[in-house]
Structure formats: C-alpha cells, structure tokens
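So you can see what is in the structure, the chains are spelled out below.
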Amino acid sequence: MTAAQRAMTELGTWPHLVSGPPRCSIGHAFGPAGHDLVHFHSDDCADLYLTAPAVQRLLPQLRRTSAVRVQPGASWITVLLECDTDVQLLLSLVSVALKEQAGGEPHARPAPPCDWERPRAS
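Not measured: the values here are computed from a predicted model.

1. Observations regarding the pattern of salt bridges
Once their charged atoms are close, side chains differing in charge can pair, the charge on each being opposite to the other. What the rule picks out here adds up to two salt bridges. A salt bridge links Arg 57 to Glu 100; its shortest N-O distance comes to 2.9 Å. Taken together, the positions of Arg 57 in helix H2 (residues 52-62) and Glu 100 in helix H3 (residues 84-102) put the pair 43 residues apart, joining distant regions of the chain. With relative accessibility at 22%, the residue Glu 100 sits in the partly exposed group.

See the structure below:
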C-alpha cells in the first residue's frame with residue numbers, strides 16, 4: 001500500500017469528509033460535502049486547499065519540511081507522500097484546513113481551482 005493509499009484510507013474514516021472525484025477530474029478528492037479539500041492526483045503526492053491566509057500564516061513552518069511544496073500566493077499546497085511521517089503531516093494539515101474552512105463559511109465559497117485545473121505557464 002502506498003503512502004497516498006494509506007492517507008486516503010485514513011481520510012475515508014473521518015466523519016465530515018466525503019470522497020469522490022475532484023473537480024479537475026484527475027484522481028480522487030476528499031472534502032466537506034460539495035467542496036474539494038484534498039486531491040490525490042498520483043500515488044506520491046496530495047494537493048491540499050489551506051486558504052491563502054492559512055498558507056501565509058504557516059509559511060515559515062511549511063518551508064521547513066522537504067515534503068511540502070508551496071507556490072507564491074497559492075491557497076493550495078502539495079504534500080509529497082513517501083513515508084508514514086508524510087502521511088501524518090498531511091493528516092495534520094487536513095485538520096488545519098477543516099478548521100480554517102469552518103471559520104470562513106466554506107459553503108459560501110468553494111475552493112479555487114487546484115494547480116491541475118490551472119493552465120501551466122510555459
């Protein structure tokens with residue numbers, strides 16, 4: 001079982017998350033009903049919607065780990081999944097994301113497109 005599969009198995013047990021296809025139609029997603037929160041596009045990483053303010057607030061800590069990729073100004077981050085420690089990091093960040101959305105009326109504003117939905121710059 002890959003690290004991504006272990007993370008998806010664990011997230012599948014969380015009571016307020018629904019699993020299904022992501023808006024970008026590539027891979028698998030989890031989130032509160034009607035909203036994408038985390039996307040698994042491959043067996044070695046996950047994209048997570050934290051919100052831009054949360055990314056900015058956590059940026060010093062996020063940059064300390066080699067498992068996290070952050071684009072300037074982004075509200076989505078990528079967590080590389082290679083081992084159980086990376087899975088635990090992702091699960092912790094999903095918890096932060098859920099708390100962030102709970103305080104920001106997630107039902108009023110869906111997550112912006114993940115990187116897989118945006119045109120790539122040449």
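2. Quick word on the confidence of the model for the protein chain
Across the protein chain, the average pLDDT comes to 85, with 86% of residues at 70 or higher. Of all helices and strands in the protein chain, the one with the weakest mean pLDDT is strand S1 (residues 18-20) (91), whereas helix H1 (residues 3-11) scores best (96).

3. Considerations on the packing of H2 against H3
Taken N-terminus to C-terminus, the directions of H2 and H3 make an angle of 155 degrees; their axes are 11 Å apart at the nearest point. With respect to their mutual orientation, H2 and H3 come out roughly antiparallel. Crossing handedness for the pair H2 and H3: right-handed. Note on element contacts: H3 touches H2 through Leu 93, Val 96 and Glu 100, opposite Pro 53, Ala 54, Arg 57, Leu 58 and Leu 62. Partitioning the contact of H2 with H3 into residue classes produces six nonpolar, no polar and two charged.

4. Topic: the sheet that holds strand S3 (residues 38-42)
Spatial strand order, S1-S2-S3-S4-S6-S5: six strands in an open sheet with antiparallel pairing. Edge positions in the sheet fall to S1 and strand S5 (68-70), since each of these pairs with one other strand and no more. Neighbouring strand axes in the sheet, compared pairwise and without regard to direction, differ in orientation by 20 degrees on average. Sheet topology places strand S4 (residues 45-49) next to strand S6 (residues 76-80); five bridges connect them, and they run antiparallel. Paired with Ala 46 across the bridge in S6 is Val 79. Sheet strands in contact with H1 are strand S2 (28-31) and S3, and its direction is about 150 degrees off that of S3. Helix-sheet contacts for H2 involve S5 and S6, and the interaxial angle to S5 is about 135 degrees.

5. Some thoughts on H2
Helical geometry note: an α-helix holds 3.6 residues per turn, so side chains three or four residues apart project in the same direction. Along H2, the positions that sit buried rather than exposed are Ala 54, Val 55, Leu 58, Leu 59 and Leu 62. Projected onto a plane normal to the axis of H2, the buried residues spread over an arc of 155 degrees and lie on a single side. Of the surrounding secondary structure, the elements contacted by the buried residues of H2 are S5, S6 and H3.

Conventions used here
- Positions within a chain are numbered from 1, following the residues in the order the chain's sequence is written.
- Restriction of local features to residues with pLDDT of at least 70 applies here, the model being predicted, together with a cutoff of 80 or more for giving and counting side-chain atom pairs; totals for whole chains, interfaces and linings are based on all residues.
- With hydrogens and water set aside, each side-chain value is computed from the structure's full complement of heavy atoms.
- Salt-bridge detection follows one rule: a side-chain nitrogen of Lys or Arg within 4 Å of a carboxyl oxygen of Asp or Glu.
- The helix count covers DSSP runs of H or I at least four residues long, the strand count covers runs of E at least two residues long, and both are numbered beginning at the N terminus.
- The classification of residues rests on relative accessible area computed with a 1.4 Å probe and restricted to protein chains. Under 20% of the type maximum is buried, over 50% is exposed, and intermediate values are partly exposed.
- What pLDDT expresses is the predictor's confidence in each residue, scored from 0 to 100.
- Between the N-to-C directions of two axes lies an angle of 0 to 180 degrees, each axis being a line fitted to C-alpha atoms and, for a helix, fitted only over the stretch in contact.
- Our angle categories are set so that under 35 degrees counts as roughly parallel, over 145 as roughly antiparallel, 65 to 115 as roughly perpendicular, and the remainder as oblique.
- For any pair of crossing helices, the crossing counts as left-handed if the nearer helix is rotated counterclockwise from the farther one by less than a right angle, and right-handed if it is rotated clockwise.
- Contacts are assigned to residue pairs with any non-hydrogen atoms lying within 4.5 Å of each other.
- For this classification, the nonpolar set comprises Ala, Val, Leu, Ile, Met, Phe, Trp, Tyr, Cys and Pro, the charged set comprises Asp, Glu, Lys and Arg, and every other residue, Gly included, is treated as polar.
- Whether two strands pair comes down to DSSP finding at least two bridges between them.
- Directions drawn from the helix axis to the C-beta atoms are what define this arc.

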